[in-house]
Amino acid sequence: MQVRDAQVLRLIERLGEHYKNNISNRFIRPALLQLPFEKQSWTLLEVLTEKSEQYRYEGFILDELYRQVAAAARFVALTRRELVPTLRNRLGGSSSGPERVLKDMAVNNFSSNLQLFADLVNELYVSLTELDKAEAKGRRPLYLQMPELSDIGRMLVGN
């Protein structure tokens, strides 16, 4: 199924902007790259957050979007567990002046920015499942057939 829903496209744009500006910015990215996150998941996350323009006119393929959402949820869960508690230590304190202020802001707001990212991913997932149910017409929706989607809620909400 091709997804061309305007609400979904706007959500993907918001998600990508938020990721680029608040999660994977120049201050935090070095610590993100140290995470034990498999290459395939990085690729899926990158396509979702950075390459959505390619799909704007063609539309997204639903099962690929679901895989990207699942990768984003794994990223959120892993980042909460592995990076949030040690972020400040991992980045060190070598900068000074205005750079240090910006870096401190990025570090201090990272946890809430990660939560906002998780909320956007969840909102996207809910929108996709609603489209999926509407399109299923008596068949079993695709999201119920994909085992990698079974823990999405738990990964995004956190424990």
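One can find the structure itself at the top, above this paragraph.
What comes next is a walk through the structure. (Residues numbered from 1 in each chain as written. Predicted model: local features only at pLDDT ≥ 70, side-chain atom pairs only at ≥ 80, totals over all residues. Heavy atoms only, no water.)

1. So, the packing of helix α4 (residues 62-82) against helix α6 (residues 98-136)
In contact at an axis separation of 10 Å, α4 and α6 are set at 155° when each is read in the N-to-C sense. Classified by the angle their axes make, α4 and α6 are roughly antiparallel. When the axes of α4 and α6 are compared, the crossing they make is left-handed. Taking contact as the criterion, the partners of L62, L65, Y66, V69, A72, F75, V76, T79 and R80 in α4 are, on α6, F110, L114, Q115, F117, A118, V121, L124, Y125, L128, T129 and D132. Along the lines of polarity and charge, the residues of the contact of α4 with α6 split into 15 nonpolar, three polar and two charged. (Axes fitted to C-alpha atoms, helices over the stretch in contact; angles between N-to-C directions. Helix = DSSP H or I, 4+ residues; strand = E, 2+ residues; numbered from the N terminus. Parallel < 35°, antiparallel > 145°, perpendicular 65-115°, else oblique. Left-handed = near helix turned anticlockwise from the far one by under 90°. Contact = heavy atoms within 4.5 Å. Nonpolar A, V, L, I, M, F, W, Y, C, P; charged D, E, K, R; others polar.)

2. Considerations on the packing of helix α1 (residues 6-23) against helix α3 (residues 39-50)
Two elements in contact, α1 and α3, have axes whose closest approach is 7 Å; the angle formed by their N-to-C orientations is 110°. Taken together, the axis directions place α1 and α3 in an arrangement best described as roughly perpendicular. Residues I12, L15, G16 and Y19 of α1 touch α3, and the partners they reach there are W42, L45, L48, T49 and E50. Grouping the amino acids of the contact of α1 with α3 by side-chain chemistry returns six nonpolar, two polar and one charged.

3. Details of unusual backbone geometry
Excluding glycine, residues mostly have negative phi values, and the peptide bonds linking residues are mostly trans. At K137, a residue that is not glycine, the phi angle is positive and equals roughly 45°. The topology assignment puts K137 in the loop between α6 and α7 (152-157).

4. Brief notes about the pattern of salt bridges
Using the criterion set out here, one finds eight salt bridges in the structure. Between R74 and E38 there is a salt bridge, and its shortest N-O distance comes to 3.6 Å. Of this pair, R74 sits in helix α4 while E38 is found in the loop between α2 (29-32) and α3, placing the two residues 36 residues apart along the sequence. The salt bridge partner of R100 is D104, with a shortest N-O separation of 3.9 Å. (Salt bridge = Lys/Arg side-chain N within 4 Å of Asp/Glu carboxyl O.)

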